[in-house]
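# Structural overview
The primary structure of each chain is shown beneath.
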Amino acid sequence: MITITIDGKAVTVPEGTTILEAAQQTGIWIPTLCHHESLTPYGGCRLCAVEVAGDNGTQIVSACTFAAVNGLVVETATERVLNIRKFIIELLLAEAPQAKVLQDMAQALGVVQPQRFTPRNELCIACGQCVRACREIVGVSAVDFANRGYERIAAAPFFQRSEDCIGCGTCVAVCPTGAITMRDIAEGEKATVPDGETLEGPARIMDNWKVGFKMKRCTKCGEPFAPEFQLEQISKKVSLPDDFFDVCRQCRM
Amino acid sequence: MKGSTSKRLAKLQKEGLTTLFPESTKIMVGSASCGIAAGADAVLQAITAEVKKKKMDAVVQKVGCIGLCYLEPLVDIIIPGRPRLTYGNVTPEKAKELVAAAKKGKVLEGALGKITAEPFLIEGTARDYNGTAGGVDDVPLYAELPFYRKQNRIALRNCGFIDPENITEYIAKGGYQSLASVLEKSSPGRIASDVERAGLRGRGGAGFPTGRKWKICLSARSDEKYLICNADEGDPGAYMDRSILEGDPHAVIEGMLIGGYAIGATRGFIYVRDEYPLAIERLEKALEQVREHGLVGEKILGSSFNFDITISRGAGAFVCGEETALIKSIEGDCGEPRQRPPFPAESGLWGKPTIINNVETLATVPVIAAKGAKWFSSIGTDGSKGSKVFSLVGNVNNIGLVEVPMGTTLRDIIFDIGGGIPNNRAFKAVQTGGPSGGCIPESLIDLPVDYDALTKSGSIMGSGGLIVMDEKTCMVDVAKYFLEFLESESCGKCTPCRVGVKRMREILTDICEGKAELEDLTRLEDMAGLINDSALCALGRTAPNPVLSTLKYFKDEYLAHILLKKCPAGVCKDLITFSVDKKTCIGCGACKKACPADAVTGEKKKAHKINTKKCIKCGACREVCPVSAVLT
Ligand SMILES: Cc1cc2nc3c(=O)[nH]c(=O)nc-3n(C[C@H](O)[C@H](O)[C@H](O)COP(=O)(O)O)c2cc1C
């Protein structure tokens, strides 16, 4: 165990704990955008900036990626830190002014919508949660970043129809800004996959990854419950009876 | 040195001397990328053909770049009994004449310089070319040419002198002797200490003391450690490392072997950009040769040191020069930086302790090992020892590669070595340190160039690019140019760099287009500070530097753009209109001919006029006007 000091409070945590985790344990709030507790720390958005004491004065680091060492002294709410957080939110607000998470964060940090920059209206803020979730949780790596610099955006390879997406919706669940859409089309309705085919319901469309799926119906209750492709892919990976996925979860229980 | 090892090296040394100093005539063609781009291949072919045709007994060789890039293709010729002579701007025809004259034992006029004795830096000797036959008294000595007088070539010691594809010539000049004696007489800790005491600081940008870095890695416990040579060199206009790799690859390999020994590594990697095909080719050949002679692999030179070297090609992204991104790239991942700590010296390539060193740093190491810490630290300034290679480019007469002792002033580099500013224009600023460096104004021209002085001036040493700018350069435009570069080279991982740098660049664009307000200057400064503080890697953190340093020294120019809507240097198109000064115009018609938009009218010998409606502000008229009558 190691002991570190956050905002004057001593905290004892196991070695390897990040500053963010230690702060959370102590009830100290550090805002985050690209962080998710189930995913590898990324350090991209820089919103979790904190000030740590080092050899030559203090230094700004991202709390989510910085592993605490014994005796570390951390400040999470200095003027320097707060200015950085405001700046990050100002920059991102001009990217995605309509994102609720950014509006709320702006309010919490006392940021007003910056006037200097032309709004971009691109919801994807390149936080990479979908990319990591798809790789680390779902295990299919159907999406990744495309382009560099300002044009960086989460996308299926070459902006084409994703070959690997199984329509599970994990990316939708982790996306903080609502940049990823998943549409479930009911029986009797029709909808078109971006740059792709028109599907008849029941179907699911992942617009960002340009892919659509026919939905499997439960043989017991008749309700559509999962994309057929997803069930095929899962069956390949796990050894379950052939008819395991014929019924939905509710009916199985 | 163990008997067998020293015998082996001595044998190769002897072999190398036979081609370094042949009995016959020797002709060398500068065949680094700079020479080849200027036509060195055709010159070499012409020489080879002519030598064959004349049935001459001569050694014809490719050598690396001697630094005078603006005079390429360069041909050096040693006729027995005469000093070595260098000819510049050689055409295939001229090359034939050179051969014909050499056949008769004569020298052709027009040599740029002569060398009577070739320096052997490692041994601390010089070997003369037996140039007793006269006839070249009017040719200046190399060492006295303004371009060379103030140089001190340590990293570039062999460039232009040896055949980079022949290991025996490298060995003849003292190569691999340092390695042999380090392996035999020194311990890893001792050589690391020697390099630390020498005061060698990393030449790749950050200037971290090399020996200290090695010690950190040496003390890390691990079954495997790695040494990586950083040859990503992505700064626009910089080609120091390329030139070393093309002109003296073995110097880098020997430096890697010594560094690998010092940190306890078993494997080395050379991370080199794909855009350097010639450097890669020469490195591959060099690695084949060291393998053949037991200089890499197991039990090197009979010691217990095992070390192998692999080339790893990068796709040439600027950010891949950053240590953590470079490591990711070698691992086969996308080259994106991660936060440090952990520093690579503790946890680097595949999680093992890893040292990354720059090409020039490594090429310097064998010299330190041979000549000692004291010798090296006697060169340079208090905080910066040794010499540094600069690529001198931009608005300067002598464009080329120069290596000067630390502490040489900018004035010496630009005006003495560089020969000053072309076209009778005034010097305005010099940009140092690569894209995220800064611009230093005329008032600081006597600044001694070292790590600390440059940092204090608001710029950085960086890897050694020096871009000279004359009075016709707009400093706001310059800042915008570098930000555009960094914007396009940002990987996009972190917000301040991905979005912040772009937004700063937008403000600069507005300033150049006359659309900015005074407040934007404070905004730029604030953003610069915040990006510097919060970006993930050094690319982002230093990206605002070009703006900060130009704001510091050239604020007037920013103000003129914003308040007067004028670009004093006449560069920003939206803020200038072209006109002809009636009084000065001599009516020669050159502008009329040059104008691609038919915007110039006027009769011969009468003052011309520019139709501003048709004018596309390309500046062609201003370029060609012999009397500077085109105003902006
Ligand atoms: C964006 C960026 C690009 C860099 N490019 C290079 C490069 O091309 N070559 C290099 O040697 N160092 C480069 N560096 C510096 C390296 O990260 C590292 O400090 C250096 O290779 C260490 O070697 P040295 O100690 O011998 O200088 C770069 C750094 C950054 C932040």
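Values in this document were obtained by computation on a predicted structure and should not be read as measured data. (Residues numbered from 1 in each chain as written. Chains lettered and ligands numbered in written order. Predicted model: local features only at pLDDT ≥ 70, side-chain atom pairs only at ≥ 80, totals over all residues. Heavy atoms only, no water.)

## Side note on the overall build of chain A
Each helix and strand counted, chain A has seven helices and 13 strands in total. With the principal axes as the frame, chain A shows a C-alpha extent of 65 × 45 × 30 Å. Put simply, 48% of the contacts in chain A that link residues at least 6 apart link residues at least 24 apart. Distance between charge centres in chain A, computed from 25 positive and 30 negative side chains, equals 1 Å. (Helix = DSSP H or I, 4+ residues; strand = E, 2+ residues; numbered from the N terminus. Contact = heavy atoms within 4.5 Å. Lys, Arg positive; Asp, Glu negative; His and termini not counted. Charge placed at Lys NZ, Arg CZ, Asp CG, Glu CD.)

## Examining the packing of aromatic side chains
All names here are of chain B. Inspection of every chain in the model, using the stated rule, returns 18 aromatic pairs over all chains. The interplanar angle of 75° and the centroid separation of 6.0 Å between the aromatic rings of Phe415 and Phe427 together place this pair among those described as edge-to-face. Here the residue Phe415 occupies a position in helix H15 (residues 410-417), and Phe427 occupies one in strand S14 (residues 427-432), the gap between them amounting to twelve residues. Phe415 gets classed as partly exposed once you look at its relative accessible area, which sits at 32%. In this structure Phe427 comes out as buried when scored by relative accessible area, which is 10%. (Phe/Tyr/Trp six-rings, centres within 6.5 Å; stacked < 30°, edge-to-face > 60°. Buried < 20%, exposed > 50% of the residue type's maximum accessible area, 1.4 Å probe, protein only.)

## Details of the interface of chain B and chain A
Opposite the 31 residues of chain B that make contact, chain A presents 29 residues. Note on chain B versus chain A: buried area summed over both sides is about 2,600 Å², and carbon and sulfur give 54% of it. On the chain B side of the interface with chain A, the three residues burying the most area are B:Gln339, B:Arg498 and B:Arg503, jointly 25% of the side's total. Taken together, the connections running from chain B to chain A amount to six salt bridges. When the shortest N-O distance is used, the salt bridge between B:Glu336 and A:Arg152 registers 2.7 Å. There are 18 residue pairs in polar contact (both at pLDDT 80 or more) connecting chain B and chain A. For the side of chain B that touches chain A, the elements supplying multiple residues, two or more each, are helix H17 (475-489), helix H18 (495-512) and helix H19 (519-534) of chain B. At ten residues, the largest contribution of residues to the side of chain B that touches chain A is made by H18(B). (Buried area = accessible area lost by both parts, 1.4 Å probe. Salt bridge = Lys/Arg side-chain N within 4 Å of Asp/Glu carboxyl O. Polar contact = N/O pair within 3.5 Å; in protein donor to acceptor, adjacent residues only side chain to side chain.)

## Describing the side chain of A:Thr76
All names here are of chain A. Looking at where Thr76 falls in the secondary structure, it is placed in the loop between strand S5 (73-75) and helix H2 (79-95). We classify Thr76 as buried; its relative accessible area is 2%. Polar side-chain contacts of Thr76 include one of 2.6 Å to the side chain of Asp7. Each residue touching Thr76, except ones within four places of it in the same chain, is listed here: Ile6, Asp7, Ile28, Ile30, Val50, Val81 and Arg85.

## Structural notes on the domain arrangement of chain A
Residues and elements named next belong to chain A. Assigned domains of chain A: these are domain 1 (2-109) and domain 2 (129-252). Distance between the C-alpha centres of domain 1 and domain 2: 33 Å. Every contact between the two is made by twelve residues of domain 1 and, on the other side, eleven residues of domain 2. In total, about 960 Å² of surface goes out of reach between domain 1 and domain 2, with carbon and sulfur atoms giving 52% of it. It is Leu39, Thr40 and Tyr42 in domain 1 that bury the most area against domain 2; as a group they hold 47% of the surface buried on that side. Summed over the shared surface of domain 1 and domain 2, the result is zero salt bridges. Of the residues belonging to the side of domain 1 that touches domain 2, the class tally is seven nonpolar, four polar and one charged. (Domains from an automatic or database assignment. Nonpolar A, V, L, I, M, F, W, Y, C, P; charged D, E, K, R; others polar.)

## Examining the site of the ligand
Residue and element names in this part refer to chain B. Around the ligand, 18 residues are found, and the nearest of them are Gly204, Lys213, Glu233, Asn358 and Thr361. The separation between an oxygen atom of the ligand and a polar side-chain atom of Thr361 is 2.7 Å. The set of elements that each furnish at least two residues to the shell around the ligand consists of strand S11 (354-358) and helix H20 (538-542). Take the shell around the ligand: its biggest share by element is three residues, from S11. Tallied by class, the residues present in the shell around the ligand amount to four nonpolar, eight polar and six charged. (Near = heavy atom within 4 Å.)

## Brief notes about the nonpolar core
Core analysis: the largest hydrophobic core is formed by 125 residues, its most contacted members being B:Tyr176, B:Leu179, B:Ile253, B:Leu257, B:Leu410 and B:Ile414. Of all the elements, helix H11 (residues 249-263) of chain B adds the most residues to this core, at nine residues. Setting aside residues up to four positions removed in sequence, B:Leu179 forms contacts with B:Glu254, B:Leu257, B:Ile258, B:Leu295, B:Ile300 and B:Leu301. Judged by nonpolar contacts, the second largest core, of 110 residues, contains A:Ala106, A:Phe145, B:Cys497 and B:Tyr558. (Core = buried A, V, L, I, M, F, W, Y, C linked by side-chain atoms within 4.5 Å.)

## Observations concerning the sheet that holds S11(B)
All names here are of chain B. Pairing is parallel across the open sheet formed by four strands, whose spatial order is S10-S9-S8-S11. A single partner strand is all that each edge strand has here, and the edge strands are strand S10 (308-314) and S11. Each strand of the sheet is rotated relative to its neighbour by a mean of 25°, with strand direction disregarded. (Pairing = 2+ DSSP bridges. Axes fitted to C-alpha atoms, helices over the stretch in contact; angles between N-to-C directions.)

## Some remarks on the domain arrangement of chain B
Domain boundaries assigned for chain B yield domain 1 (22-125), domain 2 (167-376), domain 3 (387-470), domain 4 (475-563) and domain 5 (577-631). Measuring from the centre of the C-alpha atoms in domain 3 of chain B to the corresponding centre in domain 5 of chain B gives 34 Å.

## Quick notes on the sheet that holds S14(B)
Strand pairing in a sheet relies on backbone hydrogen bonds. The paired strands run either parallel or antiparallel. All names here are of chain B. Strand order in the open sheet formed by five strands is S13-S12-S16-S14-S15, with mixed pairing between adjacent strands. With one partner strand each, in any of the chains shown, strand S13 (400-405) and strand S15 (438-441) form the two edges of the open sheet. Pairwise comparison of adjacent strand axes, ignoring direction, gives a mean angle of 30° for this sheet. Running at roughly 115° to strand S12 (residues 387-394), helix H10 (residues 240-247) makes contact with S12, S13 and strand S16 (465-470) of the sheet.

## Re the pairing of strand S8 (residues 226-231) of chain B
Consecutive side chains along a regular strand alternate between the two faces of the sheet. Residue and element names in this part refer to chain B. Burial within S8 is extensive, with six of its six residues counted as buried. Side chains Tyr226, Ile228 and Asn230 of S8 all project onto a buried face; the interleaved residues Leu227, Cys229 and Ala231 project onto the opposite face, where all are buried too. Across six bridges, the pairing between S8 and strand S9 (residues 267-273) is parallel. Each bridged residue has a counterpart across the sheet, and for Cys229 the counterpart in S9 is Ile270. Pairing between S8 and S11: five bridges, direction parallel. Considered in S11, the bridge of Ile228 is made with Ile356.

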